[in-house]
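Chain and residue survey
Here's the letter readout for the chains.
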2 protein chains.
Amino acid sequence: MNKVTQDQIKVQKIGTSKIDQVDFNKLLFGKDFSDHMFECDYIDGKWQNPTIRPFGPLTLSPAAKVFHYGQAVFEGMKAYKDDNGKVFLFRPDENQKRINKSAVRMAIPEFPEALFFEALHKLIDLDRDWIKPGNGNSLYLRPFVMATQAGVSASPSDEYKFMILMSPAQAYYTGDVRVVIAEHYSRSSNGGVGAAKAAGNYGAQFYPTNLAREKGFQQVIWTDSDEHKYLEEAGTMNVFFRINDTLITAPISDRILDGVTRKSVIALAEKEGIPIEVRPVLVSEIVAAAKNGTLKEIFGAGTAAVISPVSAFGYKEDVYELPSTDGGYSTKFKKALMDIQYNRSEDTFGWRYEI
Amino acid sequence: MNKVTQDQIKVQKIGTSKIDQVDFNKLLFGKDFSDHMFECDYIDGKWQNPTIRPFGPLTLSPAAKVFHYGQAVFEGMKAYKDDNGKVFLFRPDENQKRINKSAVRMAIPEFPEALFFEALHKLIDLDRDWIKPGNGNSLYLRPFVMATQAGVSASPSDEYKFMILMSPAQAYYTGDVRVVIAEHYSRSSNGGVGAAKAAGNYGAQFYPTNLAREKGFQQVIWTDSDEHKYLEEAGTMNVFFRINDTLITAPISDRILDGVTRKSVIALAEKEGIPIEVRPVLVSEIVAAAKNGTLKEIFGAGTAAVISPVSAFGYKEDVYELPSTDGGYSTKFKKALMDIQYNRSEDTFGWRYEI
Ligand SMILES: Cc1ncc(COP(=O)(O)O)c(C=O)c1O
Ligand SMILES: Cc1ncc(COP(=O)(O)O)c(C=O)c1O
């Protein structure tokens, strides 16, 4: 996996680091960027000119296809630093595979695996100081690909740009997460692009999420577009439900993102002997469980938030408050995941990847 | 509608026109752009700095939200020139309303109607020479709005850019259009963004359309995502079916774009006394009609292609060839629409809009 390609990455270093201008105790997620970024263009049928240069603006034609047709995919991953200054990624091979899977669905050429890893190594190495040790601190990595060819006809681009941006992050959510179950709007459908991290999937959720916010909910839990009977996932997290001692989560489909955190939680649950069911989850059974007191926890799982306990959910006219989760599964999984990510526990699964 | 706003559009003219570099007899759709473009930014909660300047590149942060979350919408309209050099738009009020409807669904601020029209007037007036008279010739107009704020957190942008680009065009389709009926992939779903001209809707169709092309079809006719039982629309056209003498087209829903050409065809059919049914169209009834010879025509309707007769459709393992449409409804509607667009017939509906 560490193999280096023929392509030499050209590195142009920043004159003076911007790191002193950033208050690492007051980070807004995704707002500040590290000194360098990676860039590689797809032209004439091949990826070329891999370059690391100071984070800075792009120059693009206003007719670039990404602006008009949303032909773009992305990934989200994090670099963590342990107390000895060692830096780790968490299952980066999963993100590498997934960005290419997303790319295929969006008619975007795949990006070479070896170059993906070489870029990560070189880029993270240059901006190592931007990763702060300490629980919850990380450097959020945003690989993405977008269509850059100029042309306002609705057909795939012949040119693309692959980039990696890096943004220092603290914990993603502050406070309670209250969610609402979707009854009218939907995120994806069978045969659609929901399983891809396609740019347009996210913009499409902003309006319904704004409506939810106006009612006091931070996130929407999406349901199937046909009948709104099955619970699928949240905007940037997969979702787990605990009824009595059993953990339940929806199966992967072409409507649901195959989350790295999700599959890690499933693996941890299996290892710990926690009963876990991966199967369609009915809204009605969750509402019934909330009513009869057997619904113990709901939590989201995703790279940005790690594990995000849900304190209440809204459905139709009602709001269901959940018991406090201290000591629950969400606390347990969050600790287990973060202990692996920050190199505080044995890595029995081989999930850590040192940079 | 012609009212001018307080905002003064700043105009920066090109030094030397590029018009001589363009071969107007060999235009590729959406490839060449006229001398000028319009640009206006949404910053601090309002649209500001409306500017016309030479067509040229944009400078954007690589973290601009449009790249990551596809928060962008667009329109497509055309300017036509009659034989006396007069220039007309076709029902531009419909596009103005629709871009704002799309914007609302994508959590993008609406663009002021008066400024939209003022920009169209000034911009088209400057590049009047780019519009060639003659049937099929036009200047394709591409208004669009995109999220420009830098930030890789999945939430609506605080900043946007509205632009209008203009591209000289000839007829859109050359040759037969063969379409395939979608059986697996889908374009949109209930509660989704299919009724909006949201950028991501188009990129999401490229892959399934590529698969169709490999099988010899140029376009996909999308079906409902639940069961693939109902015919909805094509990638950039609404679709009409003629069984015996009756015209049938699917009703507008939140899955289908409310096309200007579609509603114009419906109005023309009603005026001409052609029986028209706007109702869900079953795949099975179209296949049956193709088999028993009552399916006379299928055609697409959209700004780019005007009316695009379909010569054959594929469904499951079979391909159904359609009779030649010369003298059919598609020929009739195409002529009626173009006669209005090119100022060759009386405009009883008030659809022409002179610039
Ligand atoms: C739609 C969606 N679901 C789930 C997730 C969680 O995936 P992961 O755990 O790989 O970050 C994400 C975020 O990446 C997402 O965008
Ligand atoms: C999805 C879709 N359907 C239909 C149409 C046709 O709409 P109009 O006739 O307004 O161009 C378009 C093109 O604009 C479109 O993008």
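Residues numbered from 1 in each chain as written. Chains lettered and ligands numbered in written order. Predicted model: local features only at pLDDT ≥ 70, side-chain atom pairs only at ≥ 80, totals over all residues. Heavy atoms only, no water.

**Overview of the overall build of chain A**
Going by this rule: Secondary structure counts use DSSP, requiring at least four H or I residues in a row for a helix and at least two E residues in a row for a strand, with both numbered from the N terminus. Computation of the radius of gyration draws on C-alpha atoms alone. For the globule rule, the value is 2.2 Å times the number of residues to the power 0.38. Burial classification: accessible surface area is computed with a 1.4 Å probe over protein chains only, and a residue below 20% of its type maximum counts as buried, one above 50% as exposed, and the rest as partly exposed. We call two residues in contact whenever any of their non-hydrogen atoms come within 4.5 Å of each other.
Secondary structure assignment for chain A yields seven helices and 20 strands. For chain A, the C-alpha radius of gyration of 21 Å lies close to 20 Å, the compact-globule estimate for 355 residues. Reported as C-alpha extents along the three principal axes, the dimensions of chain A are approximately 60 × 55 × 35 Å. Considering chain A as a whole, with its 355 residues, one finds that 61% of them fall into the buried category. Put simply, of all contacts in chain A between residues at least 6 apart along the chain, 71% involve residues at least 24 apart.

**Thoughts on helix 5 (residues 260-272) of chain B**
Threshold: The span you would expect from a helix comes to 1.5 Å times its residue count less one.
For helix 5 of chain B, which comprises 13 residues, the first-to-last C-alpha distance of 18 Å matches the rise-based estimate of 18 Å (1.5 Å per residue) to within 8%. Val260, Thr261, Arg262, Ser264, Val265, Ile266, Ala267, Leu268 and Ala269 of chain B are the residues of helix 5 of chain B that are buried.

**So, the domain arrangement of chain A**
Residues and elements named next belong to chain A. Heads up, the rule is: Boundary definitions for the domains trace back to an automatic or database domain assignment. Here the quantity called buried area is the total loss of accessible area, with a 1.4 Å probe, experienced by two parts when brought into contact, counted for both. We define a salt bridge as a side-chain nitrogen of Lys or Arg found within 4 Å of a carboxyl oxygen belonging to Asp or Glu. The definition of a polar contact used here is a pair of N or O atoms within 3.5 Å, where within protein one atom must be able to donate a hydrogen and the other to accept one, and adjacent residues in sequence count solely through side-chain atom pairs.
Splitting chain A by domain gives domain 1 (10-170) and domain 2 (177-341). Placing a centre on the C-alpha atoms of domain 1 and another on those of domain 2 gives a separation of 27 Å. Taken together, the 20 residues of domain 1 in the interface contact 21 residues of domain 2. Carbon and sulfur atoms make up 60% of the surface buried where domain 1 meets domain 2, a total of about 1,900 Å² over both sides. On the domain 1 side of the contact with domain 2, Phe74, Phe90 and Arg98 bury the most area, a combined 32% of that side's loss. The closest approach of N and O atoms between glutamate 94 and lysine 263, which form a salt bridge, is 2.8 Å. The interface formed by domain 1 and domain 2 holds eleven residue pairs in polar contact (both at pLDDT 80 or more) in total. Among the secondary structure elements, those contributing two or more residues to the side of domain 1 that touches domain 2 are strand 5 (72-74), strand 6 (77-81), strand 7 (87-90) and helix 2 (92-105).

**A few points about the site of ligand 1**
Residues and elements named next belong to chain A. The condition that has to hold: Whether a residue is near a molecule or strand is decided by its heavy atoms; if any one of them lies within 4 Å of it, the residue is near. Here the accessible surface of atoms and residues is derived via Shrake-Rupley with a 1.4 Å probe, and residues count as covered only by protein chains that are part of the display.
In the neighbourhood of ligand 1, 16 residues make up the surrounding shell, with Lys197, Tyr202, Glu233, Thr261 and Thr303 lying closest. Here an oxygen atom of ligand 1 sits 2.6 Å away from a polar atom, N or O, in the side chain of lysine 197. Contact between ligand 1 and threonine 303: an oxygen atom at 2.6 Å from a side-chain N or O atom of the residue. Across the complex, the protein chains shield 97% of the 380 Å² of accessible surface that ligand 1 would expose by itself.

**Concerning the UniProt feature "modified residue: N6-(pyridoxal phosphate)lysine" (unreviewed entry) in chain A**
Residues and elements named next belong to chain A. Threshold: UniProt positions are given in the numbering used here, feature names are shortened, and annotations may be inferred rather than shown by experiment.
Listed under "modified residue: N6-(pyridoxal phosphate)lysine" (unreviewed entry) in the UniProt record, and renumbered for this structure, are Lys197. Topologically, lysine 197 is positioned in the loop between strand 10 (177-181) and helix 4 (199-214). Contact partners of lysine 197, with chain neighbours within four places excluded, come to Ala72, Val73, Phe74, Glu75, Gly76, Arg98, Ser102, Tyr202 and Leu257.

**With respect to the site of ligand 2**
All names here are of chain B. We apply this condition: In this count, Pro and Cys sit with the nonpolar residues alongside Ala, Val, Leu, Ile, Met, Phe, Trp and Tyr, while Asp, Glu, Lys and Arg are called charged and the others, Gly among them, polar.
Taken together, the neighbourhood of ligand 2 is formed by 16 residues, with Lys197, Tyr202, Glu233, Thr261 and Thr303 sitting nearest. In the model, an oxygen atom of ligand 2 is placed 2.5 Å from a nitrogen or oxygen of the tyrosine 202 side chain. In this structure, an oxygen atom belonging to ligand 2 sits 2.6 Å away from a side-chain N or O atom of threonine 303. Burial of ligand 2 by the protein chains amounts to 96% of its free accessible area of 380 Å². Put simply, the parts of the chain that give the shell around ligand 2 at least two residues each are helix 5 and strand 17 (295-302). Of the residues contributing to the shell around ligand 2, the split by class is five nonpolar, seven polar and four charged.

**Observations concerning the side chain of lysine 65 of chain A**
All names here are of chain A. Applicable threshold: When charges are counted, neither His nor the chain ends are considered; positive counts come from Lys and Arg and negative counts from Asp and Glu.
Among the structural elements, lysine 65 can be located in helix 1 (residues 65-69). Buried lysine 65, no salt bridge; nearest opposite-charge side chain is aspartate 158, N-O distance 7.3 Å. Look past the residues within four positions of lysine 65 in its chain and what remains in contact with it is Gly70, Ala147, Thr148, Gln149, Gly151, Ser153, Ser155, Pro156 and Ser157.

**A short note on a negative patch on the surface**
Where we set the bar: A patch is a set of surface residues, each over 30% in relative accessible area and not in a salt bridge, joined within 9 Å for like charges and within 5 Å for the nonpolar side chains Val, Leu, Ile, Met, Phe, Trp and Tyr. Charge positions are represented by NZ for Lys, CZ for Arg, CG for Asp and CD for Glu.
A surface patch of negative charge is lined by Asp226 and Glu227 of chain A together with Asp226 and Glu227 of chain B. Relative to the helices and strands, aspartate 226 of chain B is located in the loop between strand 11 (219-223) and strand 12 (230-234).

**Regarding the relation of the copies chain A and chain B**
The criterion, for reference: We place the copies in one frame by least squares, fitting the C-alpha atoms of every residue whose pLDDT is at least 70 in both.
Here chain A sits on chain B after a turn of 180° about the axis and a move of 0.0 Å along it, with an RMSD of 0.0 Å. Such values leave the two copies arranged in the relation of a two-fold axis. Here 100% of the contact residues of chain A are again contact residues in chain B; the copies associate through an equivalent surface.

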